[in-house]
Every structure is written in structure tokens, then in C-alpha cells.
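Residue-level structural notes
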Amino acid sequence: MLKVSVKWQKEVFSNMEIDTTQPPYVFKCQLYDLTGVPPERQKIVVKGGLLKDDADWSKVGIKEGQKLMMMGTADEIVKAPEKGPIFAEDMPEEEQAVAVGHSAGLVNLGNTCYMNSTLQCLHSVPELKSALIQYPPPVRSNTVDQSSHSLTVATRELFNELDKNVRPVAPVRFLTALRSKYPQFAQLHNGVYMQQDAEECWTQLLFTLSSALRSSGSGEDADALKKFFGIDLVSRIHCPESGEESMETESVYSLKCHISQEVNHLHEGLKRGLKSELEKSSPSLGRSAVYTKDSRINDLPRYLTVQFVRFFWKRETNQKAKILRKVDYPLSLDVYDLCSDDLCKRLEVPRRLLRDEEGKKAGLKTNESSSTKDNDVKMTDAEGPSNASGDSSVSAPGEGAPPEKEKHLTGIYDLVAVLTHKGRSADSGHYVAWVKQENGKWIQFDDDNPIPQREEDITRLSGGGDWHMAYICMYKARDISI
Amino acid sequence: MAPAEPSSSGGATQGQPPVKSPANDPKKKDEKKDEDLSEEDLALKQQLELYVERAQDTDPGLQKVALESMRQEIRTATSSMTSVPKPLKFLRPHYGTLQAHYEKMSDSDLKKLLADILSVLALTMSPEGERESLKYRLLGSDGDIGSWGHEYVRNLAGEISQEYSKRQIEEAPIHDLMVLVVQIVAFHMKHNAEPEAVDLLMEVEDLDLLVEHVDSANYKRTCLYLTSSAKYLPGPDDMLVLDIAHSIYMKFEEYPRALQIALYLDNFQYVSDLFQRCKDPLKRQQFCFILARHGVSFELTESIIADDGERYALQEIINNTRLSGGYLTLARDIEVMEPKSPEDIYKAHLIEGRGSGGGTVDSARQNLAATFVNAFVNAGFGQDKLMTVPAEASSGGSSSSWLFKNKEHGKASATASLGMIMLWDIDSGLAQLDKYFHSPDTHVVSGALLGVGIINCNVQSDCDPALALLAEYVEKEDASIKIVAIMGLGLAYAGSQNEQIRSILMPLLLDGRSSVDVIAFAAIALGLVYVGSCNEDVAQNIVLALMERSEAELGDPLASFLPLGLGLLFLGKQESVEATAEVSKTFNEKIRKHCDMTLLSCAYAGTGNVLKVQHFLGQCAQHLEKGESYQGPAVLGIAMVAMAEELGLEMAIRSLEHLLQYGEQNIRRAVPLALGLLCISNPKVNVMDTLSRLSHDTDSEVAMAAMISLGLIGAGTNNARIAGMLRNLSSYYYKDASLLFCVRIAQGLVHLGKGLLTLSPYHSERALLSPTALAGLVVMLHACLDMKAIILGKYHYVLYFLVLAMQPRMLLTVDENLKPLSVPVRVGQAVDVVGQAGRPKTITGFQTHSTPVLLAAGDRAELATEKYIPLSPILEGFVILKENPDYNEES
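Here the structure is a predicted model, which is why all the values come from computation and not from measurement.

1. Some words on the confidence of the model for chain A
For chain A, per-residue confidence averages 78 on the pLDDT scale, and residues scoring 70 or more make up 84% of the total. Note that pLDDT drops below 50 for residues 366–404 of chain A; the model gives that stretch 29 contacts with residues more than four away or on any other chain.

2. Some remarks on the pairing of strand β6 (residues 824–830) of chain B
With 6 bridges connecting them, β6(B) and strand β7 (residues 843–850) of chain B associate as antiparallel partners. What sits directly across from Arg826(B), in β7(B), is Thr848(B).

3. Describing the sheet that holds strand β5 (residues 67–71) of chain A
Two strands in a sheet stick together by hydrogen bonds in their backbones, pointing the same way (parallel) or opposite ways (antiparallel). Read from one edge to the other, the open sheet built from 5 strands follows the order β2-β1-β5-β3-β4 (chain A), with strand pairing classed as mixed. Single-partner strands in this sheet number two, and they are β2 (11–18) and β4 (49–50) of chain A. Contacting β1 (2–8), β2, β3 (43–46) and β5 of chain A, helix α1 (residues 24–35) of chain A crosses the sheet at an angle of about 145 degrees to β2(A). Here helix α23 (residues 426–434) of chain B sits on the sheet and contacts β1, β3 and β5 of chain A; the angle it forms with β5(A), its principal contact strand, is near 35 degrees.

4. Examining empty space enclosed by the protein
Residues and elements named next belong to chain B. Applying the stated rule across the entire model yields 8 cavities of 30 Å³ or more. When its volume is computed, the largest cavity comes out at roughly 100 Å³. Forming the boundary of the largest cavity are 13 residues, of which Gly-295, Val-296, Asn-458, Gln-460 and Ala-494 lie nearest the centre.

5. What to know about the sheet that holds strand β8 (residues 231–238) of chain A
Residue and element names in this part refer to chain A. Pairing in this open sheet of 4 strands is antiparallel, and the strands run β9-β8-β12-β11 from one edge to the other. The open sheet terminates on both sides in strands that have one partner only, identified here as β9 (245–252) and β11 (275–282). Direction aside, neighbouring strands of the sheet carry axes that sit 35 degrees apart on average. In terms of strand pairing, β8 meets β9 through 8 bridges, oriented antiparallel. Opposite Leu-233, over in β9, you have Glu-250 as the bridge partner. Strands in contact with helix α10 (residues 266–274) are β8, β11 and β12 (287–299); relative to β11, the strand with the most contacts, it is inclined by about 5 degrees.

Cut-offs used in this document
- Residues numbered from 1 in each chain as written.
- Chains lettered and ligands numbered in written order.
- Predicted model: local features only at pLDDT ≥ 70, side-chain atom pairs only at ≥ 80, totals over all residues.
- Heavy atoms only, no water.
- pLDDT = per-residue confidence, 0-100.
- Contact = heavy atoms within 4.5 Å.
- Pairing = 2+ DSSP bridges.
- Helix = DSSP H or I, 4+ residues; strand = E, 2+ residues; numbered from the N terminus.
- Axes fitted to C-alpha atoms, helices over the stretch in contact; angles between N-to-C directions.
- 1 Å grid on protein atoms, 1.4 Å probe; cavity = no way out; pocket = protein on both sides within 12 Å on 5 of 7 lines; lining within 4 Å.
- Points joined across faces, edges and corners; volume = space filled by probe spheres on them.

Laid out in C-alpha cells, this is it:
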């Protein structure tokens, strides 16, 4: 019989008796009684060695009164969770893009920033993406010419690629298609492709997509793009001289914001843009007379595009000169007073509901800032898009149909994308897109380089200097389900 | 200047007379001056002229009177010396006459008397290099030397050292000089001029004389001068000087200082002598605390301390078993026990604008970074927010959930981080790690093994649990387990020279089946265990392992660990490396130069040897053949050698700045690391700025090294400026996972132990260099030379080598029962008082705190109460306080 002391964690069991005739396993069982650590989990350290269950005490060389150290706990053995976490590094690139929170940049292929910024802005419209996925239709009609078709397909492929990649994408195929459809974009100057006007690119692209998708569209929504971007205007044409008056309706893809000395704010510019004078032959006077044209919005799209008419043709310098005037634009735009009476009536109920809802939110959570409120509203309509990018093919058509019944426009719009220009003329300088992501963060897409930005900085792009200034703004409708 | 330079080249003299009138003034000027003389002076002048005339008289009686009066005049005047004394000035024109007269005189007492006077006059008159003062002194009577004043003695000392070196060359006898030397030394030592005495003795190479002349009043300043000048002396003189200092300290029973020198000399005979000489049990305990801080394992044998109980208690202290407790006492006192999460360190809310990526998905790289940050920040506290589980949540197993948020080999580092959190606390730490040993996941098991090594780092237990637990895993087939078991042993037994470890690890080196990474880690582990031991056997085996491996295998990034392991064996051992360095010339040329640089840098680490620094700088000027990598170790070598003392350190920082501008890319990559080592845990503003600039370098490896180094220089300081820089870097590099990883590691380091720890290998007022701490740093820095392959690869756990250098930067005062005792202390910037007269203040700009307190780099503490007497003059780490028997409450 030997007496030893055993140290276990912070405890010391002194005067433990060892029966040297029994194997050490017996000793471990003694310890089990004291500590509750099962013998197989016990590690007993004897001078730099471990005590084996079947060791011979005489060979272990234990002395009377020696201090031993026991390790081991009755703790549960660590188990790996059934489903380990997925690491960003292991994900395929498309999922990484979701994790990063914004899509990829576009490589500049030589003065193509006008195209890159346009594409980035349009890419932020999930409805457009889902509409493109439907293209080409299973039964192809022959109304679309080959170049329009290939441009549409190229757009679809490019949007697809942007969603899948983290690294910048080179839009080579799209550029080729664009140039074959619109040869003006392939203009060369000194052997180099020239810088182009982004607005022209925007308009032409939308036009092509619109015609291609219209032809493809099945019965239910024949003109998808018009629903997304088209603005119906109703104009009263009045001749003060003769007192003639006529009504005209037209559909445009963007509102123009005219910039003159008096215009300091987008709203003023839009109002001016809706009024124009034209000269045409008056049937009653029998000669041409000046008519005033006063337009009002008769139907609103989901995405309201506003173009700042910053460029005008300057004959002396033979180029499109730029108006640097500062024109402020808001993060949320209300176009109610630009609407026709008819539309105003239609908007009234949804607007009241929206006000109520927002008021309720503000009332209930008075301490919450207005920004969270905005987010909450956006959440409702952001659901669609996030589904759309997840498994877009299923949700897209479903998305398209119901809003007519459930969701109503309110005439209030939130800024989602800004295309800016920096420089002194339309055909020079640099175009950049500033796009709000689904998670509410703003990203500046400077060609291949996406840079996160703060919301406050977005409204600073209003001009008045040589910094980037807004050229095209895209607003998204804040709607309400009834 | 005067023709004879009054003091020797030693330099540290002060209070020299501010003005000395020019010796070779034109005569005219002299005459002109005559006119301006006051009546009194004129009388004196005429008097002296009369004496000179009389001295040449034929009448010996008259001569004698004249000479004696002349002597009298000079003596009274030279006793205080602010300008050239008037008698000397007036006698100058007559120096030649007297000289001529002296030659004519016949030998007599009078002649000796005149020689004495001439010797004094030569002080200002003797032409440069003639040493006439000494010449006449030797010819004259050997009376009291001091009666002629300090300046004369000083001048004489200078001439003696010149004469001595001349005679050494000529091999002429020096006995007559030595007689004078003894007189001069005795004079200096009595008159508060210890530095001059030491300088003279160093010049004449007879320091032993000093021991007879020191007394209790001047031994402290003498030894201070000796030890500080040792840093600037070439070997082996420095050892000699320190030896003398040691014997003086022993003579005056200033044991802690003696121990400090013994440790510097790495002389364990002295240490055991000390224990035998000093029987006071309290003092012995204090010695043990000093030994423990130095990180050497020293076994008290029965022959040193006979009593079992006391020996056991003392050995416990040397084994550092109190470190954990003391550290936690400090933490509780400063109120930083609350665990911190990595987010508390990143402080993302302070970053302007852009959020940090904003991903909701776990990134394995960033989780690994968080693991390290968590480990560094909560090191030694025993609790954290990721790995240790709060009791109530244990069923949910939140620790395992964090563990499994790490990927593959990341899990090893995560499990090992538990060891870091439980640092130095063997009992509860091992209990925490136990469950991971039973995991089916090999990465988790390997992490547990490493954790055991980390917990046991710098602390020993007489049960040797690390050896017991790790030994069997070294035999495992799985290389990843094998490597961490080896590394764990290296960490746990660093500096122990443990035979058992050697017998386990050595066979691996020559086992042809071992892969390169296994032998690399084995070499490092052996290097750590036998650090600075010059162990032939181990060296032989590493050399053989290097020779056996093929060129392709030596191309492995980890292969550079082999020479490093070899180098660690000779850490700070200077010439002892030469034989091995010679052998290394036969290595494969791929690694030959690399090996040479590594060996040299290790051998001269912490010596401040300027020649070696120049050698390394020279190597950096070479243009590389392709594929060579030796310049990295050379750049690190500059830092390792120059870090010894402040002056060399500043010079090295400037040289590195040049390398940065003119060096090639591989040199630029190593420069930030070298700067990091030079200023470790000591954030100098200029270095901080340089590193901040480099952290935006276009070469990502330079940037990564700069960021890691920012962490190193700020390690454990909580420096707000570095923390701010790193925060900005984290938003700047948020897209690049590798760079962000480095930023995170640096952030963790800055808040090392929540600011209670230091990585500096220097301690005891920057006098002692802990070899294991330096070894740990060097291994980590060498790993950083190839950041991509090692730290960013799957060997990220080499970062844990830093644990060897981690020490609390505290002053913890304990009473005679070793219980913490709070007393007021003044903490301020240390002032260099070497060679200063009187009792100058040793700290400046101090604040009064009560212990335990934190000491920053360059800080020194002194007791602000008379009630206690500290048992160690160096107030760092654990200091035992004894009640002052003479203390009077009222006074």
C-alpha cells in the first residue's frame, strides 16, 4: 500500500491509497468515485508519463507521498454540428456575389463607360431581368430583326453573368451586339472608339428591348417594358391666337428635367419640361401659329426615369456642351402635382392608405428614425426582387400579374439609381452609375470597380462643380397593397 | 585647445573646466595683457618671476626656498579650477627656462621637487603627444598626487593610457606606471570620479584593482558605469567588465544586481553561488522571481538548498506557478476582467462610411482572424466570449459552435486558442482542453495538443503534463498532428534543455520518411528547447538533416526553419557559432547563404555588434541571383543585433530607412518586420509613421508585413493611434481577405491581453534579454518573411510562437508571505543616470499610483513610501517588500 496525493484541476485528494497488487485500473476506479470522471477518460500523469491501465506499479516507480496529477473531465465530447457553416471561400462565385452584397463591375473596353453605367443602372431593375429571362419565347415571331434579337440575348446573358460573378465582367458580346445594331456607337476618332452619350445608349437600348420583348410577350402582358418604364402623357395643345384646343396622348420612357436659370430643384425642372411651345399650321388660321403644349402624366410606371437635360448643342464649338448648374433632387420624389386629374383621382386612395400606414408606424414607434420606416416600406416590395434573384424563373411571371390587383401606385417614388457624368461635354468625361442594392446599400459602379457609398453622398451629385453630376435618375415607385 | 588633452578617450567625464586659454598665444598678446593686470596680479607675476630666477640660483638653500614657494603658489591655485590658474599662466613663459635648468641639475631632492613643478606646468605647456607631465611625474618625488588638483590627475591619467598603449607595443615594463595608476584610482574613487577611475583601469587593462577601492558609498555608481559601458566594449572585454561588476556587487551583498549580471553572463555557477551565499529566505524568493521572469529553467538541487520544504517552495516560484495568479490580480485591480469579443476590438462603428463588407456569410479567413484576435486579447484571463463556455450555456455548447465556424486547419488554431486564453493556468487549462482530445476530428485534436503546449509555455509543473500528453502524438502518422505535437513540446519546454524532449525529437530529424514540414518544426522545437545552449549533438543532427534533403525539398517555404532551428541553438553566443557556420558553407547552394545569414543573425542577436550590422548591410547591397532568399534573414539580422541598446537601435532604424529606398523588393518586404522587432511593444512615433506609410504600399507583401509590424510595435499597449490606423486599414482593405487578415491580427496584437502584456524580450530595466522570448519572436518573424506560404497558408498557428515572448508588463508588490500588497509607487520615464554626480533622480514626469501598476516601455517605478524596503532594486514583475524596521509613522 502506497499513499499518494492526486491533484485534479484545483482540487487535491491527499492520502489516496494505491494497492500495488492491483492494476492501475483499480486505482482509476477509486478516482472515478471521487471525481466522477470515467476511468477511460482519466489521464494520470506520473513524472512526464501517462499511467497505463495495465501497467505494473513496480515499474512505474511511484514513491510514497508522491504527487500525481490527473487530467480528464466528465464533459461531453465535442461534436461537430451536423451541418457545418458554409464559408464564403467555399461558395461558388454566384453565391459569393450575394454574400458580398452587390453585383460585379464591368470592364471598360475602351471609352465604354457610358454603356457600363447604363447597364449597371438597368441591371438594378429586377423586373427587367425576369422579363429578359422569358426571352426568346418558345415560339419565335419574325417581327424582331436579327440585330435586335442578338442585342436582347446579349443583355440577358450579361445580366446573368453580373449576378454570378464577384470579379468584373467584360461585356464584349454585348458591345459587339450594340455596335452592330446601332453603328453610331462604333464611331471612331483617331482610330479609337469615341465616348458616347449615355442617355442615347439608354434610350436606344430600352427601345430595342422594348420592341424585342413586346413581340415575344404572350397575351397577358404584351408590353412589359412599357409597364416598367413607360409614362403616359396627356397633353393639351392650345393655340392662344385662335383659341384652338386639342388633346393628345403619348407615351415616353423618361421625363425631361429642363435646366434654366430659375430651376434649382428637380421638381421645377420637371414642370418646365412638361410645358413646351411648338409651331404648327393652324387649320383655322390657315397658317402656322405658335401652340402651347401642356402635358400631364396620365399613367405612371414602376420605374420613373428622369433625364436632366444638361447637354445642348453648341454651334460655336461644334459639340454638346454641358450645363453645370446645380439641380437638387430628392431621395424620394412625389409627382402627384404633375399628374392629370384622372390619375390624381386614382392615386388618392392609395396615397391616403400609405400616409395612414406611415403615420401609424411613426405613431407606434415614435423613437424610430424615418430611415427605418423607409426600409420597412421597401421591404415589402423588396421581397419580390429577392425571390426573383433566388429562383427567378418561377417568381417572375407571378410577380408580374398580381400587382395590378393588389399593389397600387401612390405617385411617390424612391431613388434607386443615378447615372452621373463628370466632365464638360457629353462625348467626353466619365460616366459612373450609383445604384442602390437590395440590401439598401449604395454602390458606386466605376467601371470594374464597385465602391460602397453612403446615402448622404448620393444627393451630393446634384452638380454645380466639376464633380460627378446626375444625368439620369431612376426612381422606383413606392406602392401599397390594398 | 591645450596641448595636452586632459582626460583619456574614455569620454564620460564631466565638469571639465569650461575655458582654457590657448597655449601658443603670440607673445605680443601676453605682453599686452600685462598692462591690463591688476596690481595684485602684477605682484604675483613678479613674485613668480623672482622665484624662477632664484630657482636657477646656485645656492641650494635659495633654490629650495624658491621651489617650495613656487609649489605653494601652484597648489593653492590648482585646488579649484575654473580657468587656467594664474600662477600657471604666469609661469608659462618660464617653462623652457626651468626645463633647461632641470637638465643641468644634479640628482637631488631638489631636482625631484623641480620635476614635480615641471610636471604640473606641462599640464598646459607640454606639446601634443609628448606626455611631459607624465615624464616629469615619473622623475619627480612620488608624493601625494591629489594635492595638485583634479585637473592634474585627470591629465596624468590621460597620458598614462597613451603611454601604456605605447609601451604595450614596445613590450616595455609598465611597473612604474601601475604605481601611479593605483594612486590615481584611489584618488578618483575617493573624489566621486568613479567613471574616470574605471576608464583608466580599462585603458591599462587592470580592472581588478577596482575591487580594492570601492566602498559602500561608491560601489553603486561604479557598477552602474561598468555595466553600462560593457555594452559598448568589444568582446571579451565586456565580459571581463561585467565579471568585475558582479564581484563588486557580491562583495557589497547587492545580490539582485549580482544575479542580474550573472544572468546576463548566462553563468549559472554564479547563480548557484548566490543561493549558497545568501541565506535569507525572502531574498532567495526574490531571486527566484527574477529567474522566473528571465524564463530560464534552473533547477535547485539539494546541494544548493538543503531544506526540502524551502527548495520546493522556491522551485515553484522559478517554475512560474504564481504568474497566472499575479496576472489575474493585476487584471482585477485594473478592472479589465470582462472578456472582450473581436468586435469590441474592431470597433467597426468608428469607421466612417463604408461598412465592412456587410456579408452575412461566414468567411473562414475572417473567422480565423477573429479566433486569433480573441486569443490574443483574452490571453491568460481564463474567460472569453467565443471559446470558453459560460456554465449555464454549456449544454448548448456555444464553444463548439465557434470552433466549428473555423474551417479545417482553422479548427486547430481555434482549439489552440483555448490554450492561449487559459495561458499559464495549467490546472484549469488542461481540464478545459481535455474534452477536445476525444474529438474524432484530427484538426481539433491537433489544436488541443498545441493548446497544451501554449498553456505550459513559460511555466513548468513537476508532473510534466505537457510531455506526458504530447509525447505519444509525436509518433502518430498524421503529419498535421505530428507537427503540432512537436510545436507544443517546443513551446512548453523552451529553454529547458530537457533530455527527454531531445530523445523524442532528434530521431525525427534524420528519419528519411519525415516530410520537410515535420523536420522543420522539429528543428525549431529543438532550437527552442536548447536555445542558446550551443549543444553540439543537436546542431550536428540539424546539419545532417539539412545535408540529406534534396534541393527540391529545400525549396519548401518551411525549409528555412531548419537553419533557424540551428541558429537558435547559438542565440546570442557570438563566436561559438563559427564551427557550425563553417560547416554550413558545404550546404546546398540554394540554402547556403540563407543559412549563413540566419546563423550569424542569431549568434549575434542582442549584442549590438556594429561590425555584424555592417556585414548585414553589406549583404543587402548585393544584387540577387534569382531564387535566392538570404536577404530577408540579413535584414532581420540587423534588427536582432542592433536591438541591444538605444543608440544602435536608432541607427538601425535609419539604416533600414535607406534599405527601404534603395533595396530590392525582397529587402523591402523584410524591412517592416525588422522595424517591428526593433520597437517591439514600444511604439515610437517615427517608426509608426514609416509603417503606416508602408501599409499602403503597392506590393501587398510589404503592406502585410507593415501591418503585422504595426501590431508588433503596439503589442499590448492599447495605443490609440495605432488602433485608429488599423481601423482605417481594415476599411481600406475590406475587400482583400489576406490583407484584412493581417490587419485583424495586428489589431489583436495591439490589444494583447487587453493591454496588460508586452512582447518585449528585454526586462529588468532593459538590461536582460530573455532568450526564449527572443527566440519566439524570431521564429514568428522568419515565418512572416514568406507570409503567403506560411501564415496565410495552413501554418497560421506559427503565430502562437509569440506566446514565448508574452509577459505581463506589471509591477506587483507582495508581502513577506507573497500575498499582494498595495503600496504607493511613483512611475515615470526612466532617466539615464550613468556617470552623473551625486544622487540624481532616476525618473522624470512621474505619477503616483498604488500597486499593482502597469509599466510602459521606458518606464521605471520607485517606491513612494519609506514604510517598506523592496528586496530588488529593479521594480518590475514580482517584488517582495519587507517592512522597514527604521520606519517612523510620524516622520
